[in-house]
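One letter stands for each residue in the lines below.
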Amino acid sequence: MIINKRQLHVAMLIGALGKGGTERVLVNLCDYLIARGFQITVVTQYQKENEYPLNPGAKRIISDLTKEECTKSRILNFIRRFEKLRKIWKQEQPDVILSFIGKNNMMAVLTSRFLNIPVAVAVRGDPMMEYYLGWMRLAAKNLFRLADGVIIQTRQSLDFFPRAVRDKAVILKNPIDPGFFIPRYEGEREKTIVAVGRLDENKNHELLIRAFAGIAEKYPEYQLIIYGEGELKEKLKELTATLGMEERISFPGAISNVQEAIYKARVFVLPSNTEGVPNTLIEAMILGLTVIATDCPCGGPADLIEHGINGLLTQVGDVEQMKDNLQKVLNNLQYSNELGMNATKTSDIYLPEKVYKEWEAYLGSLDFWRKS
């Protein structure tokens, strides 16, 4: 399909630009589209202190209520948030609205009704977890029938939705920072096991900590480094102390230079309970690290990893299997390197010029059908 060459105005809706995988996808996509001449407006409900830097070419709008606009009534506050977001769409007049995650998707569909602005909603993880309450699941399954497009990450995600939603759903790969597409490090690797992600219950770093603690005595030179921030940080540090691992396990916090931090590591681990298609896993594979991930719903890691060929899969929550997989790669560095070298082939399907063009064409197609 040939897309109109005029400058397309895309409005992106998300809660904030805090340091998470979805936020990184949005920021990466912004950079590419602005370079391609798109007009970009990023609407966030609020602004955090520690956020990914937004391209200066993008317009930023905060949609949350000010202190003066807030009332003691939750219902009235919801109505005002609804009206405020709808007013933004009317004033900005984007050609396409692209929303990310959970309730933002519902609000995007509802607030844009009858404004003749096509809306695409992006479901970034396991829909059962992203819409974790009964009313939310019911709302998503029905409201998304009204969306012009639904973007998902895995084939398993389709099973959550009714036929009317599946028919308009597409799988688009994550836009990856071009900085990760560099030659694989071929020198002697650091004796480190690394993980990157929010320190919350779903990311389940406790699994990795317990597994590492269970084998640490056999590998006294190895360190476990867990990058990220979150509500469980202090609890995980307490667990580390309880296991006597304070000198072996560290929590440096969130970092902006992920590629540099993990580039020479021996093993990258993703211990999550659920995931879509995690950016951190893709990035680690592109860099050629040996990767171990849980075979979690909704199937993202299993889509990326062919067990024993380009990485290893572990059952969710299985500490003993995680220990076994770690020992497989630490005992046999040649095998570990083979897994890492095979993992770099992931870069073939995630090349920025391919992935970004798919997103560009998809967004353009939504505008095309509106005009036709």
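Predicted model only: the values in this text are computed from it and were never measured.

So what exactly am I meant to see when it comes to the sheet that holds strand β5 (residues 119-122) here?
Whenever strands of a sheet pair, they do so through backbone hydrogen bonds, lying parallel or antiparallel. Taken in spatial order, the 7 strands make up an open sheet running β3-β2-β1-β4-β5-β6-β7, and their pairing is parallel. Each of the sheet's edge strands pairs with one partner strand only, and the pair in question is β3 (59-62) and β7 (169-171). Averaged over all adjacent pairs, the angle separating strand axes in this sheet is 20°, with direction ignored. Along the sheet, helix α1 (residues 21-35) makes contact with β1 (9-14), β2 (39-44) and β4 (96-100), crossing β1 at roughly 170°.

Quick question: what am I supposed to make of the sheet that holds strand β8 (residues 190-196) here?
One open sheet accounts for 6 strands, arranged β10-β9-β8-β11-β12-β13; its pairing is parallel. Taken across any chain shown, the strands that pair with only one partner, and hence form the sheet edges, are β10 (249-253) and β13 (312-314). Geometrically, the sheet is characterised by an average inter-axis angle of 25° between neighbouring strands, direction not taken into account. With 4 bridges connecting them, strand β11 (residues 265-270) and strand β12 (residues 290-294) associate as parallel partners. By the bridge assignment for β12, F268 is matched with V291. The strands touched by helix α12 (residues 319-331) within the sheet are β8, β11, β12 and β13, with β13 carrying the most contacts at an inclination of about 165°.

I would appreciate a short explanation of the confidence of the model for the protein chain in the present structure.
Any region with low pLDDT has predicted coordinates that should not be read closely. Across the protein chain, pLDDT averages 94, with 97% of residues at or above 70. Here residues 1-5 scores under 50 on pLDDT; set against residues more than four positions off or in separate chains, the count is 7 contacts.

Sorry, what's going on with the side chain of R266 here?
Tracing the chain through its elements places R266 in strand β11. Despite its burial, R266 pairs with no opposite charge, the nearest such side chain being E188 at 7.6 Å.

Is there a simple way to think about a nonpolar patch on the surface in this case?
On the surface, a cluster of nonpolar side chains totalling about 370 Å² of accessible area is made up of I75, L76, F78 and I79. Note that F78 resides in helix α2 (residues 74-92).

Please clarify how the nonpolar core should be interpreted in this entry.
M12, L26, I40, L98, I262, F268 and L281 are the most contacted members of the largest nonpolar core, which totals 61 residues. Top contributing element to this core by residue count: α1, with 8 residues. Those residues in contact with L98 that lie beyond four places of it in its chain are V10, A11, M12, L13, L29, A120, I151, W359 and L363. Judged by nonpolar contacts, the second largest core, of 30 residues, contains V43, A108, A147 and F160.

Any chance you could explain helix α13 (residues 333-343) here in plain terms?
Note: α-helices contain 3.6 residues per turn, so residues at a spacing of three or four share the same orientation. Inspection of α13 places S336, L339, G340 and A343 among the buried residues, and these make up the whole buried set. Buried residues in α13, looked at end-on, bunch into an arc of 100°, giving them a common side. Of the residues that open α13, the one with a side-chain oxygen 3.3 Å from the backbone nitrogen of Q334 is N332.

What exactly am I supposed to notice about the pairing of β12 here?
Looking down a regular strand, the side chains alternate between one sheet face and the other. Most of β12 sits inside the fold, with 5 of its 5 residues counted as buried. A two-sided burial pattern is seen for β12, the buried positions comprising T290, I292 and T294 on one face and V291 and A293 on the other. Pairing geometry for β12 and β13, over 3 bridges, is parallel. Across the sheet, T294 pairs through a bridge with T314, a residue of β13.

Rules and cut-offs
- Residues numbered from 1 in each chain as written.
- Predicted model: local features only at pLDDT ≥ 70, side-chain atom pairs only at ≥ 80, totals over all residues.
- Heavy atoms only, no water.
- Pairing = 2+ DSSP bridges.
- Helix = DSSP H or I, 4+ residues; strand = E, 2+ residues; numbered from the N terminus.
- Axes fitted to C-alpha atoms, helices over the stretch in contact; angles between N-to-C directions.
- Contact = heavy atoms within 4.5 Å.
- pLDDT = per-residue confidence, 0-100.
- Buried < 20%, exposed > 50% of the residue type's maximum accessible area, 1.4 Å probe, protein only.
- Lys, Arg positive; Asp, Glu negative; His and termini not counted.
- Salt bridge = Lys/Arg side-chain N within 4 Å of Asp/Glu carboxyl O.
- Patch = residues over 30% accessible without salt bridge, like charges linked within 9 Å, V, L, I, M, F, W, Y side chains within 5 Å.
- Areas by Shrake-Rupley, 256 points an atom, 1.4 Å probe, with all protein chains shown as cover.
- Core = buried A, V, L, I, M, F, W, Y, C linked by side-chain atoms within 4.5 Å.
- Arc of directions from axis to C-beta.
- Polar contact = N/O pair within 3.5 Å; in protein donor to acceptor, adjacent residues only side chain to side chain.

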